[in-house]
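# Observations on the three-dimensional arrangement
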Amino acid sequence: MRLATWNVNSIRARVDRVVDWLERGNVDVLAMQETKCSDEQFPVMPFLAAGYEVVHCGFNQWNGVAIASRVGIADVQVGFEGQPTWSDKPDVEAAAEARALGATCDGVRVWSLYVPNGRTVGSPHYVYKLEWLAALRNAAEKWLSEDPSAQIALAGDWNIAPTDEDVWSVEFYQGSTHVTEPERAAFNAIVDAQFTDLVRPFAPGPQVYTYWDYTQLRFPKNRGMRIDFILGSPALAARVVHGEIVREERKGKAPSDHAPVLIELA
DNA sequence: ATGCCATGGACTCCATGA
């Protein structure tokens, strides 16, 4: 089975590219982030025509997560236990955002995750990001304790560069989110809970990234960040025979600013 | 070569992204 994650930066703007890659890449399951649409607006037909079922969680133009699969989708879960809520506006009650969607695809528990950005260090959104990651760790730890043999994939845009090697310039990101010690600690706490980076052994650094800003020729100059990961439980990690950051998909006409990240299971 | 912000939605600009 080939399983991937991809921050698509609007599925409506990119559905043809995404479905085309699913077919060319022989991808069985894709976790998507930043679909930027409501459930009603999600373009399901191109996926169905290509043989993929899709489940989606999106409320408006912000966030949005989905899972497409051609090997079945069961036990769909919107959000995880204890997922923190958020509201920007005093007149709008805080609610869980469209940032986490779980489903079982051919025996693998797949989570499509879009970790909050954090905006600026110390801001309410940054605090929310850390709380969100802590709650995810607690939920994931519980899933694994309930079934140590579970094959669980935590796949998505983590909005964290775990080490200095994962950004094109430490100086450039000094004082920014994505690289701070608390964010890295929150990420490593999930790794410590036995969810390991399944792709890194096949895509060693330095200068290996999954995201490049649209501006300043960042992609041609390979000035990016490694922030998209598939973390896997021990039983899933044992099945991995290949991993890859599909840099080709950041090229060409109207790409997402993220590349897909892919694993192959025996 | 891979090429110099994109997206969606409210409103002729703005929030968001990282």
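Presented here is an overview of the structure given in this document. (Residues numbered from 1 in each chain as written. Chains lettered and ligands numbered in written order. Predicted model: local features only at pLDDT ≥ 70, side-chain atom pairs only at ≥ 80, totals over all residues. Heavy atoms only, no water.)

## Quick look at helix α4 (residues 181-192)
The following threshold applies: Here a helix means four or more residues in a row that DSSP labels H or I, a strand means two or more in a row labelled E, and each is numbered from the N terminus. To estimate the expected span of a helix, subtract one from its residue number and multiply by 1.5 Å. Throughout this description, buried means an accessible area under 20% of the type-specific maximum (1.4 Å probe, protein chains only), exposed means over 50%, and partly exposed covers the range between. Contacts were defined at the residue level, with two residues in contact if any of their heavy atoms lie within 4.5 Å.
For α4, built from 12 residues, the straight-helix expectation of 16 Å at 1.5 Å per residue is met to within 8% by its first-to-last C-alpha distance of 16 Å. Listed in full, the buried residues belonging to α4 are Glu183, Arg184, Ala186, Phe187, Ala189 and Ile190. Against the buried residues of α4 lie α3 (124-146), β8 (152-157) and β10 (228-232). Phi turns positive, to about 80°, at Gln194, one or two residues after α4.

## Focus on the side chain of Ser233
Let me state the cut-off plainly: Throughout this description, a polar contact denotes any pair of N or O atoms lying within 3.5 Å of each other; where both atoms belong to protein, one of them has to be capable of donating a hydrogen while the other can accept it, and for residues adjacent in sequence the pair is counted only when both atoms sit in side chains.
Relative to the helices and strands, Ser233 is located in the loop between β10 and α5 (234-237). Under the relative-accessibility criterion, Ser233 is labelled buried at 0%. Side-chain polar atoms of Ser233 contact the backbone oxygen of Ala150, separated by 2.6 Å. Residues within four places of Ser233 in sequence aside, it is in contact with Leu144, Ala150, Gln151, Ile152, Gln194 and Phe195.

## Quick look at the packing of aromatic side chains
Stated precisely, the cut-off is as follows: Each Phe, Tyr or Trp ring, with Trp reduced to its six-membered ring, pairs with another whose centre is within 6.5 Å; inter-plane angles below 30 degrees give stacked pairs, above 60 give edge-to-face pairs, and intermediate values give tilted ones.
Taken as a whole, this structure holds 10 aromatic pairs when the rule is applied. Ring geometry for Trp6 against Trp21: centres 5.3 Å apart, planes inclined by 75°, an arrangement best described as edge-to-face. Of this pair, Trp6 sits in strand β1 (residues 2-7) while Trp21 sits in helix α1 (residues 11-24), and the two are 15 residues apart along the sequence. By relative accessible area, which is 1% here, Trp6 ends up buried. Assessed through its relative accessible area of 3%, Trp21 is described here as buried.

## Some thoughts on the pairing of β10
Counted only if it meets this: Criterion used throughout: strands pair if DSSP finds at least two bridges between them.
Along β10, 5 of the 5 residues are buried, which leaves the element largely enclosed by surrounding structure. Burial of β10 is two-sided: the residues Asp228, Ile230 and Gly232 facing one way and the residues Phe229 and Leu231 facing the other way are all buried. In this structure, strand β9 (residues 196-197) lies alongside β10, joined through 2 bridges in antiparallel fashion. When the sheet's bridge partners are listed, Asp197 is paired in β10 with Leu231.

## Quick notes on the packing of α3 against α4
Stated formally: To define axes, lines are fitted to C-alpha atoms, for helices over the stretch in contact only, and angles between the resulting N-to-C directions are given on a 0 to 180 degree scale. Our angle categories are set so that under 35 degrees counts as roughly parallel, over 145 as roughly antiparallel, 65 to 115 as roughly perpendicular, and the remainder as oblique. When residue character is reported, Ala, Val, Leu, Ile, Met, Phe, Trp, Tyr, Cys and Pro are called nonpolar, Asp, Glu, Lys and Arg charged, and the others, Gly included, polar.
α4 packs onto α3 with a crossing angle of 10° between their chain directions and a minimal axis gap of 9 Å. Overall, the two elements α3 and α4 adopt an arrangement that is roughly parallel. Across the interface between the two elements, Tyr126, Lys129, Leu130, Leu133, Leu136 and Arg137 of α3 pack against Pro182, Glu183, Ala186, Ala189 and Ile190 of α4. Here the residues of the contact of α3 with α4 are counted per class, giving 8 nonpolar, no polar and 3 charged.

## Focus on the protein's contact with DNA strand B
We apply this condition: Summary of the distance rule: residues count as near a molecule or strand when at least one heavy atom falls within 4 Å of that molecule or strand.
The immediate surroundings of DNA strand B are formed by 30 residues, with Ser10, Arg119, His178, Gln216 and Pro220 found nearest. Protein-proximal atoms of DNA strand B, defined as those within 4 Å of the protein, fall in sugar or phosphate at a share of 79%. Asp157 places a polar side-chain atom, nitrogen or oxygen, 3.4 Å from a phosphate oxygen of DNA strand B. Tallying contributions element by element places α1 first for the surface near DNA strand B, with 3 residues. Considering only residue class, the surface near DNA strand B consists of 9 nonpolar, 12 polar and 9 charged.

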